[in-house]
Amino acid sequence: MTDWSAPDAIDCADEQVFQTLLDRVETREKGNYFEYFAEGDEIHHDPGLRLSQHGNEEWMGQTLNHDPAYWRPDDARERGFDEPPAHPDYLLACVMGITVEDLSEKGGYFLGRTDVTFHRTAYPGTELDVTSTVVDTRTSSSRPDYGIVTWESVGRDRETGEELVAYERTNMIPRREPVASDGGERQRSAARADGSGAVADESSPSEAATPDLPSTLVAPEGGTFEDFRVALERARDNGAAVAYRHERGRTMDERLVAGLPLATLNTARQHHNRDVMADSPSGDIVAYGDVTRSIALAHARSDEATFRERRFENERFHDFVTLGDTIYGFSRVLDCDGEAGPDHTGAVTFEHVAFNQDSTPVYSGRRTALITRQ
Ligand SMILES: C/C(=C\C(=O)O)C(=O)SCCNC(=O)CCNC(=O)[C@H](O)C(C)(C)COP(=O)(O)OP(=O)(O)OC[C@H]1O[C@@H](n2cnc3c(N)ncnc32)[C@H](O)[C@@H]1OP(=O)(O)O
């Protein structure tokens, strides 16, 4: 009888032999199907991650979050930090990145996140300890191959146990036995595939119902809390809205799409496996939602005197972002609260939208930040 464990028994370098082997072997799969998750389950995410100064600077540099308080000690002290902290977008992306292997590596899209609350400032060197609790599971009525799962995740300082950030996130997760193929073919990918770039629409723009919008859109004159407050008052007196776009754009390259998520231990194939993603509706790897959002927020922050990030709500990822897409930012001011935060700041609530070169919204979310008064 052949001893198949003998080193020379099988020539794995022979293409034909190897092909046959690949056809016969079982694949050791990664990730969990929808059926794995039950309401109330708590999942502790190993291996954790240590926030690093390098990772922090790489994240900020690449996403255009060029705020020196996060790398210059004098600027950090002026902003009330003991030393340069981890940027909140980097912290959040790391906390979520660690969870992907257990929660969403099987595939399916990150649909949204809400109740993102920063409890404490985190500093480079902090080791993260992250747990998630399943808060809801439901089948998708539009896509029978998928379920929709919501988890509450909490990122803590492993050493002190203190809560740093918490949020609720929702993903589409493949079911163990899909009844049909993806079902997720998108108009946009179809347009790309036929090379026309045109998206079929039964009604022409002129025929489409005109949405009810304010005729005047006001932009604040500067980026201080007072600028936002004055703009909002002026707009309210005139039945207008405070809304404006930011000039900068950032084109998605490999470093952003594959590099940044991997640095947060995000193992979602969507971001780094071009082979698998070639057969997906996007036709290529797609950006980590936290990267897309961070870029649009960076554009917004470059036009304001940010003091602290407080909270994000109703974050949605509307469409995928692939290599070569360019991310721009749009902001609308919803509220100004002069009573919140230290005396030299006020809280501003924005709606931010990330959109691509075709003006397609890819992310939207509500953000409350403390903005310096003058
Ligand atoms: C970290 C990570 C992955 C990971 O984690 O590992 C990532 O970074 S990955 C990249 C970022 N991500 C994306 O690139 C997604 C871009 N996006 C799209 O490509 C489209 O959006 C779509 C194809 C996903 C859907 O497209 P669409 O079919 O037009 O979407 P909708 O019909 O609006 O939603 C369908 C069903 O999701 C329900 N639903 C929607 N949003 C929410 C929400 N916020 N909370 C609860 N349920 C929600 C909806 O209620 C409907 O439910 P039903 O199926 O039951 O009707």
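Structural data are supplied above this passage.
The paragraphs below set out a description of the structure included in this document. The structure displayed is predicted, hence computed values, not measured ones.

Let's shift gears to the site of the ligand. The immediate surroundings of the ligand are formed by 29 residues, with Ser104, Arg138, Ser140, Ser142 and Arg169 found nearest. Between the ligand and phenylalanine 110, the relevant distance is 3.2 Å, taken from a nitrogen atom to a main-chain nitrogen or oxygen of the residue. In the environment of the ligand, an oxygen atom lies 2.6 Å from a nitrogen or oxygen atom belonging to the side chain of arginine 169. When the ligand sits alone it has 1100 Å² of accessible area, and the protein chains cover 80% of it. Mapped by element, the contributors of at least two residues to the shell around the ligand are helix H4 (88-103), strand S2 (110-118), strand S5 (163-174) and strand S8 (306-317). The leading source of residues in the shell around the ligand is S5, at four residues. Considering only residue class, the shell around the ligand consists of twelve nonpolar, eleven polar and six charged.

So, about a negative patch on the surface. Taken together, Asp8, Asp11, Asp14 and Glu15 make up a surface patch of like negative charges. The exposed category is assigned to aspartate 8, whose relative accessible area is 76%.

What the rule picks out here adds up to nine aromatic pairs. Residues tyrosine 36 and phenylalanine 37 carry aromatic rings whose centres are separated by 5.1 Å and whose planes lie at 90 degrees to one another, so their mutual orientation is edge-to-face. Summarising the aromatic geometry, the rings of phenylalanine 118 and phenylalanine 312 are spaced 6.4 Å apart at their centres and angled 80 degrees between planes, so their arrangement reads as edge-to-face. With phenylalanine 118 in strand S2 and phenylalanine 312 in strand S8, this pair connects stretches of sequence that are 194 residues apart. You'll find phenylalanine 118 and phenylalanine 312 in the same group, each marked buried. Over the ring of phenylalanine 312 we find arginine 293, and its NZ or CZ is 4.3 Å from the ring centre.

Quick look at H4 now. For H4, which comprises 16 residues, the first-to-last C-alpha distance of 22 Å matches the rise-based estimate of 22 Å (1.5 Å per residue) to within 8%. Among the 16 residues in H4, 14 count as buried, and that is most of the element.

So, on to the pattern of salt bridges. One pass over the full model with this rule turns up 28 salt bridges. The residue arginine 293 makes a salt bridge to aspartate 89 at a minimum N-O spacing of 3.6 Å. With arginine 293 in helix H10 (residues 289-301) and aspartate 89 in helix H4, this residue pair connects regions lying 204 residues apart in the sequence. Across the pair, aspartate 89 and arginine 293 agree in class, each one buried. A salt bridge links arginine 274 to glutamate 254; the shortest N-O distance between them is 3.1 Å. Of the two residues, arginine 274 sits in helix H9 (residues 274-277) while glutamate 254 sits in helix H7 (residues 254-263), which places them 20 residues apart along the sequence. Residue classification places glutamate 254 among the partly exposed residues on the basis of a relative accessible area of 43%. Connected via shared salt-bridge partners are Asp89, Arg113, Asp290, Arg293, Arg301, Glu304, Glu309, Glu315 and Arg367.

It is worth spelling out the side chain of asparagine 171 at this point. Looking at where asparagine 171 falls in the secondary structure, it is placed in strand S5. With a relative accessible area of 2%, asparagine 171 lands in the buried category. A polar atom in the side chain of asparagine 171 sits 2.9 Å from the side chain of arginine 169. Leave out the neighbours within four places in its chain, and asparagine 171 touches Ser104, Gly108, Tyr109, Phe110, Leu111, Gly147, Ile148, Val149 and Trp151.

A cluster of nonpolar residues, Phe18, Leu22 and Val25, forms a patch on the protein surface that exposes about 260 Å² of accessible area. With respect to the helices and strands, leucine 22 occurs in helix H1 (residues 15-24). Its relative accessible area of 45% is what places leucine 22 among the partly exposed residues.

Relative to strand S3 (residues 127-139), strand S1 (residues 42-50) runs antiparallel, the two being bridged by six bridges. Paired with arginine 50 across the bridge in S3 is glutamate 127. In the sheet, S3 pairs with strand S4 (residues 146-157) via eleven bridges, with the strands oriented antiparallel. If you follow leucine 128 over to S4, its bridge partner there is aspartate 157. If you look at the hairpin formed by S3 and S4, you'll find six residues sitting between the two strands.

As a further point, take the environment of aspartate 303. Relative to the elements of secondary structure, aspartate 303 occurs in the loop between H10 and S8. C-alpha separation for the pair aspartate 303 and glycine 223, spaced 80 residues apart in sequence, amounts to 5.6 Å.

The rules we used
Residues numbered from 1 in each chain as written. Predicted model: local features only at pLDDT ≥ 70, side-chain atom pairs only at ≥ 80, totals over all residues. Heavy atoms only, no water. Near = heavy atom within 4 Å. Polar contact = N/O pair within 3.5 Å; in protein donor to acceptor, adjacent residues only side chain to side chain. Areas by Shrake-Rupley, 256 points an atom, 1.4 Å probe, with all protein chains shown as cover. Helix = DSSP H or I, 4+ residues; strand = E, 2+ residues; numbered from the N terminus. Nonpolar A, V, L, I, M, F, W, Y, C, P; charged D, E, K, R; others polar. Patch = residues over 30% accessible without salt bridge, like charges linked within 9 Å, V, L, I, M, F, W, Y side chains within 5 Å. Salt bridge = Lys/Arg side-chain N within 4 Å of Asp/Glu carboxyl O. Lys, Arg positive; Asp, Glu negative; His and termini not counted. Charge placed at Lys NZ, Arg CZ, Asp CG, Glu CD. Buried < 20%, exposed > 50% of the residue type's maximum accessible area, 1.4 Å probe, protein only. Phe/Tyr/Trp six-rings, centres within 6.5 Å; stacked < 30°, edge-to-face > 60°. Lys NZ or Arg CZ within 6 Å of the ring centre and 35° of its normal. Expected span 1.5 Å × (residues − 1). Contact = heavy atoms within 4.5 Å. Pairing = 2+ DSSP bridges.

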